[in-house]
Amino acid sequence: MSEKIMEKANEFLAQAEYAFNRLGISADIEALLESKQVVYTVDRAYNACVDVLQHMTQKAPKSMVETAENNLKSFQNGKDTFISDFKANFKRVVGVPLFYHLQMSGDEEKMKNSILMNIQSGESVEVQIATKQIVDKMIMDITKDYLLSTYGNVIPAEVISV
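This text gives an overview of the structure that appears in the document. (Residues numbered from 1 in each chain as written. Predicted model: local features only at pLDDT ≥ 70, side-chain atom pairs only at ≥ 80, totals over all residues. Heavy atoms only, no water.)

1. Looking at helix 6 (residues 108–119)
Worth spelling out the cut-off: Per the convention used, a helix needs a DSSP run of H or I reaching at least four residues, while a strand needs a run of E reaching at least two, with both numbered from the N terminus. Helices are assigned an expected span. That span is 1.5 Å times one less than the residue count. The contact definition used throughout considers only heavy atoms, calling two residues in contact when any of these lie within 4.5 Å.
Here helix 6 is 12 residues long and its end C-alpha atoms lie 16 Å apart, about the 16 Å a rise of 1.5 Å per residue gives. Looking at the buried residues of helix 6, the elements they touch are helix 1 (2–23), helix 2 (26–33), helix 5 (79–104) and helix 7 (125–151).

Encoded structure:
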């Protein structure tokens, strides 16, 4: 099943890249993903995720401490993967609708100008909203994966208590 999900994700990413290239905004998208505001938000999200996983690891029952610590270390060593996943997710969220819109509409210049107006600054509201939604979903998915890989289907109550 996860192979099909990855296949679809790659297909969507290819559609997004096609749309960016067709509109001539690939470099603009890359610059946006490296802008101070986006980098700051992604970095904060990664650190928040580490904090949550550390908290859950500290509360692990003795019999599961080693597994919990190993899963935490694995995530802590994967910051580059977190950032890469964010960038791919952002491109899909922004680019796939563009791809389909380009298939139905011929006004590339109008679309390009509209997109550029919204992404010229990493501080635009649209960019901030999209970035936050993506990192929030990533944190939820990572936390869920951590819990399942550490504890399986029986999660000790103390691990998820505040």
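After that view of the structure, there is still more to cover.
2. Structural notes on the pattern of salt bridges
For clarity, the threshold we go by: The rule for a salt bridge is simple: a side-chain nitrogen of Lys or Arg has to be within 4 Å of a carboxyl oxygen of Asp or Glu.
As enumerated under the stated definition, the model contains eight salt bridges in all. The closest approach of N and O atoms between lysine 91 and glutamate 17, which form a salt bridge, is 3.3 Å. Taken together, the positions of lysine 91 in helix 5 and glutamate 17 in helix 1 put the pair 74 residues apart, joining distant regions of the chain. Here glutamate 108 and arginine 22 are joined by a salt bridge, their closest N and O atoms 2.6 Å apart.

3. Things to note about the nonpolar core
As a rule of thumb, nonpolar side chains are buried together in soluble globular proteins. For clarity, the threshold we go by: Buried Ala, Val, Leu, Ile, Met, Phe, Trp, Tyr and Cys residues that are joined via side-chain atoms within 4.5 Å together make up what is termed a nonpolar core. For the exposure calls, accessible area comes from a 1.4 Å probe over protein chains only, and a residue counts as buried if that area is under 20% of its type's maximum, exposed if over 50%, partly exposed in between.
In terms of nonpolar packing, the biggest core is built from 42 residues, with Ile25, Leu53, Phe75, Phe82, Phe86, Phe90 and Leu98 touching the most fellow members. If you list the elements that add at least two residues to this core, you get helix 1, helix 2, helix 3 (36–58), helix 4 (65–76), helix 5, helix 6 and helix 7. For this core, the element with the highest residue contribution is helix 7, accounting for 10 residues. With near-sequence residues (within four places) excluded, leucine 98 lies in contact with Ala19, Phe20, Leu23, Ile25, Met111 and Ile115.

4. Quick word on the environment of phenylalanine 86
Following the sequence through the fold, phenylalanine 86 ends up in helix 5. Taking C-alpha positions, phenylalanine 86 is 12 Å from isoleucine 142, a pair spaced 56 residues apart along the chain. The residues touching phenylalanine 86, leaving out its near neighbours within four places in the chain, are Leu33, Val38, Val42, Thr131, Ile134, Val135 and Met138.

5. Let's talk about the packing of helix 3 against helix 5
Rules: Throughout, an axis means a line fitted to C-alpha atoms (over the contacting stretch in the case of helices), and angles, computed between N-to-C directions, take values from 0 to 180 degrees. Between 65 and 115 degrees an angle is taken as roughly perpendicular, under 35 as roughly parallel, over 145 as roughly antiparallel, and anywhere else as oblique. Working rule for handedness: look at the near helix, and if it is turned counterclockwise from the far one by less than a right angle, call the crossing left-handed; if clockwise, right-handed.
Their axes nearest at 11 Å, the elements helix 3 and helix 5 cross at an angle of 130°. Overall, the two elements helix 3 and helix 5 adopt an arrangement that is oblique. Handedness of the helix 3/helix 5 crossing: right-handed. Residues Val38, Val42, Asp43, Ala45 and Tyr46 of helix 3 pack against Lys79, Phe82, Ile83 and Phe86 of helix 5.

6. With respect to the packing of helix 1 against helix 5
Where we set the bar: Think of it as three bins: nonpolar holds Ala, Val, Leu, Ile, Met, Phe, Trp, Tyr, Cys and Pro, charged holds Asp, Glu, Lys and Arg, and polar takes everything else, Gly as well.
Put simply, helix 1 and helix 5 touch, their axes get as near as 7 Å, and they point 65° apart. Crossing geometry of helix 1 relative to helix 5 is assigned as left-handed. Only Ala88, Lys91, Arg92, Val94, Gly95, Val96, Leu98, Phe99, Tyr100, Leu102 and Gln103 of helix 5 make contact with helix 1, whose side of the interface consists of Ala9, Phe12, Leu13, Gln15, Ala16, Glu17, Tyr18, Ala19, Phe20, Arg22 and Leu23. Classifying every residue of the contact of helix 1 with helix 5 by side-chain character gives 15 nonpolar, three polar and four charged.

7. Let's talk about the packing of aromatic side chains
How we decide: Put simply, two rings from Phe, Tyr or Trp (the six-membered ring, in Trp's case) pair if the centres are within 6.5 Å, and we call them stacked under 30 degrees between planes, edge-to-face over 60, tilted for the rest.
Enumeration over the complete set of coordinates arrives at seven aromatic pairs. Judged by centre distance (5.1 Å) and plane angle (85°), the ring pair of phenylalanine 99 and tyrosine 100 falls under edge-to-face. Through a chain of ring-to-ring contacts, three or more aromatic side chains come together here, namely Tyr18, Phe99 and Tyr100.

8. Comments concerning helix 5
Heads up, the condition is: In this scheme, the bend at a residue equals the angle between the axes fitted to the seven residues that finish there and the seven that begin there.
In this model helix 5 runs 38 Å from its N-terminal to its C-terminal C-alpha over 26 residues, within 8% of the 38 Å that 1.5 Å per residue would give. If you look at helix 5, its biggest bend is around 30°, right at glycine 95, and the proline proline 97 turns up within four residues after that. Taken as a whole, helix 5 has its buried residues at Phe82, Phe86, Ala88, Phe90, Lys91, Arg92, Val94, Gly95, Val96, Leu98, Phe99 and Leu102. In the core, the buried residues of helix 5 are packed alongside helix 1, helix 2, helix 3, helix 4, helix 6 and helix 7.

These results come straight from atomic positions and should not be treated as a statement about function.
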